[in-house]
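Observations on chain architecture
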Amino acid sequence: MTDTQNLTLVQAVRDGLHSELRADDDVVVMGQDVGKNGGVFRATEGLYDEFGGDRVIDTPLAESGIIGTAVGMASMGMLPVPEIQFSGFMYPGFDQIVSHMSRFRTRSRGRFTLPMTLRAPYGGGIRAPEHHSESKEAFYAHEAGLKVVVPSTPYEAKGLLAASIRDPDPVIFLEPKLIYRAFREQVPEEPYTVPIGEAATRREGDDVAVFTYGAMTRPTLEAAETLGEEGIECEVVDLRTVSPLDREAIVEAFEKTGRAVVVHEAPKTGGLAGEITAILQEEALLYQEAPIGRVTGFDVPYPLYALEDYYLPSAARIEEGILKAVEF
């Protein structure tokens, strides 16, 4: 029987990093304050003491330098895991991401891959200042050559992180900090992987398919349970990876129900909900029984404290979106 630990999501991230550092000497963790300080959220706590400053590297506060250095390391066969303290701080390194990180395999005609995993806490809900709460996963999903992963549970955080580090191509690994310490789950002590690009059905239902990921998975399930008591059965699909999307799972759930709602905290315009809607229109139009709903953040800069709870999709707002689709 496999031994397990009762971990929060951030602890599972730390456990995943520890397992991969121990398993492969080419794995290197790097970023601002990831070493002696253990990271702003303590996701790398203790790793510096065990693996030393050559493998858990405190870098200057220079996002472009952090990502660019990792690109160079990965091009030479290392497995760097750079951390940016908040995803809203990735913008100074955006040129490295879109001009180099995403293009290396194509530029070298397959001679070089770039096995690096760029980690960042992302999303809102923790009363942080400006640039700390963005949900811009669509930026990176739009860039060919990148994989974009967003875990929603501790078990999957560890398994998806291991799969990302072992992947031959670059991965943007976005960690929803709202649920870093929101709940615990049994996580195997031994290393394991969760496949990139495969969605997971969190709840079975025949009336409407609800697609979501990351921190929005919990309020979506809460809404689904409430509606279930009223006789409306929701099929809740956690995408887990937003690039590549699991098109087969998305279409299958829609064909089963004929109705769909997409939930994410990113702004509506240009968000992943639009892409999922397009997939369903292209591949399953004849199954459609109602307009596809979108329950998302608003098309405004992420608000500060007083309006934060209003901006994020709540269980009540998700219920309203689901009912609109079901009652059409």
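Check the entry above for the structure.
We now turn to the structure provided with this report. The shown structure was predicted, so the numbers you read here are calculated from the model rather than taken from an experiment.

This part is about the sheet that holds strand 9 (residues 200-203). With mixed pairing, 5 strands are arranged side by side in an open sheet as 9-11-10-13-14. Either end of the sheet is taken by a strand with one partner, and the two such strands are strand 9 and strand 14 (293-297). Ignoring strand direction, the axes of neighbouring strands in this sheet form an average angle of 25°. In terms of strand pairing, strand 9 meets strand 11 (residues 234-238) through 3 bridges, oriented antiparallel. For Thr201, the partnering residue across the bridge sits in strand 11 and is Val237. Across the sheet, helix 10 (residues 272-284) touches strand 10 (208-212), strand 13 (260-267) and strand 14, and the angle it forms with strand 13 is around 155°. Sheet contacts for helix 12 (residues 315-326): strand 10, strand 11, strand 13 and strand 14; angle to strand 13, the most-contacted strand, approximately 145°.

Here the focus is the packing of helix 8 (residues 217-228) against helix 12. Packing of helix 8 against helix 12 brings their axes to within 8 Å, and their N-to-C directions diverge by 60°. One element, helix 8, and the other, helix 12, form an angle in the oblique class. As for the relative orientation of helix 8 and helix 12, their crossing is right-handed in sense. Between helix 8, through Pro219, Thr220, Glu222, Ala223, Thr226 and Leu227, and helix 12, the contact on the second element is made entirely by Ala315, Ile318, Glu319, Ile322 and Leu323. Residues of the contact of helix 8 with helix 12, tallied by class, amount to 7 nonpolar, 2 polar and 2 charged.

On to unusual backbone geometry. Glycine aside, the phi torsion of most residues is negative, and most peptide linkages are trans. Following Ser243, the chain continues into Pro244 via a peptide bond in cis, with omega recorded as 0°. Assignment of secondary structure puts Pro244 in the loop between strand 12 (241-243) and helix 9 (247-257). With a phi close to 70°, Arg240 is a non-glycine residue in the positive phi region. By the secondary structure assignment, Arg240 is in the loop between strand 11 and strand 12. The class of Arg240 is buried, set by a relative accessible area of 9%.

So, about the environment of Thr241. Here Thr241 shows up in strand 12. A residue is classified by how much of its surface remains accessible, and Thr241, at 0% relative accessible area, is buried. Ignoring anything within four residues of it in the chain, the contact list for Thr241 reads Val148, Val149, Ile196, Gly197 and Glu198. In this structure the side chain of Thr241 is engaged in a polar contact, spanning 3.0 Å, whose partner is the backbone nitrogen of Gly197.

The next thing to look at is the packing of aromatic side chains. Per the stated rule, a full pass over the model turns up 12 aromatic pairs. Between Phe41 and Phe86, the ring centres sit 5.5 Å apart and the planes meet at 70°, which makes this aromatic pair edge-to-face. Highlighted residues: Phe41 in the loop between strand 2 (27-31) and helix 2 (47-51) and Phe86 in the loop between strand 4 (79-83) and helix 4 (94-101), separated in sequence by 45 residues. Accessibility assignment for this pair places Phe41 and Phe86 in one class, buried.

Moving on, we get to the environment of Lys256. In this fold, Lys256 is placed in helix 9. Judged by relative accessible area, Lys256 falls into the partly exposed class, the value being 36%. Between the C-alpha atoms of Lys256 and Tyr287, which are 31 residues apart in sequence, the distance is 8.4 Å. Aside from chain neighbours lying at most four places away, what touches Lys256 is Glu204, Gly205, Asp206 and Glu235. Within the structure, the side chain of Lys256 is placed 2.8 Å from the side chain of Glu204, a separation counted as a polar contact.

On a regular strand, each side chain points to the face opposite its neighbour's, so the side chains alternate between the two faces of the sheet. Burial analysis of strand 13 places 8 of its 8 residues in the buried class, the great majority of the element. Relative to strand 13, strand 10 runs parallel, the two being bridged by 3 bridges. The partner of Phe211 across the bridge, within strand 13, is Val262. One ladder, built from 4 bridges, connects strand 13 with strand 14; its direction is parallel. From the neighbouring strand, Val262 faces strand 14, where its bridge partner is Arg294.

Turning our eyes to something else, we now look at the packing of helix 3 (residues 63-75) against helix 4. At a minimum axis distance of 8 Å, the contact between helix 3 and helix 4 shows a crossing angle of 20°. Overall, the two elements helix 3 and helix 4 adopt an arrangement that is roughly parallel. Between helix 3, through Ser64, Ile67, Gly68 and Val71, and helix 4, the contact on the second element is made entirely by Gln96, Ile97, His100 and Met101. Its residues assigned to classes, the contact of helix 3 with helix 4 comprises 4 nonpolar, 4 polar and no charged.

Below, the discussion takes up the pattern of salt bridges. Considering all chains together, one arrives at 20 salt bridges under this definition. The closest approach of N and O atoms between Lys256 and Glu204, which form a salt bridge, is 2.8 Å. Taken together, the residues span a long stretch of sequence, with Lys256 in helix 9 and Glu204 in the loop between strand 9 and strand 10 at a distance of 52 residues. One network of salt bridges, with partners in common, ties together Glu156, Arg202, Asp238 and Arg240.

Conventions adopted
Residues numbered from 1 in each chain as written. Predicted model: local features only at pLDDT ≥ 70, side-chain atom pairs only at ≥ 80, totals over all residues. Heavy atoms only, no water. Pairing = 2+ DSSP bridges. Helix = DSSP H or I, 4+ residues; strand = E, 2+ residues; numbered from the N terminus. Axes fitted to C-alpha atoms, helices over the stretch in contact; angles between N-to-C directions. Contact = heavy atoms within 4.5 Å. Parallel < 35°, antiparallel > 145°, perpendicular 65-115°, else oblique. Left-handed = near helix turned anticlockwise from the far one by under 90°. Nonpolar A, V, L, I, M, F, W, Y, C, P; charged D, E, K, R; others polar. Buried < 20%, exposed > 50% of the residue type's maximum accessible area, 1.4 Å probe, protein only. Polar contact = N/O pair within 3.5 Å; in protein donor to acceptor, adjacent residues only side chain to side chain. Phe/Tyr/Trp six-rings, centres within 6.5 Å; stacked < 30°, edge-to-face > 60°. Salt bridge = Lys/Arg side-chain N within 4 Å of Asp/Glu carboxyl O.

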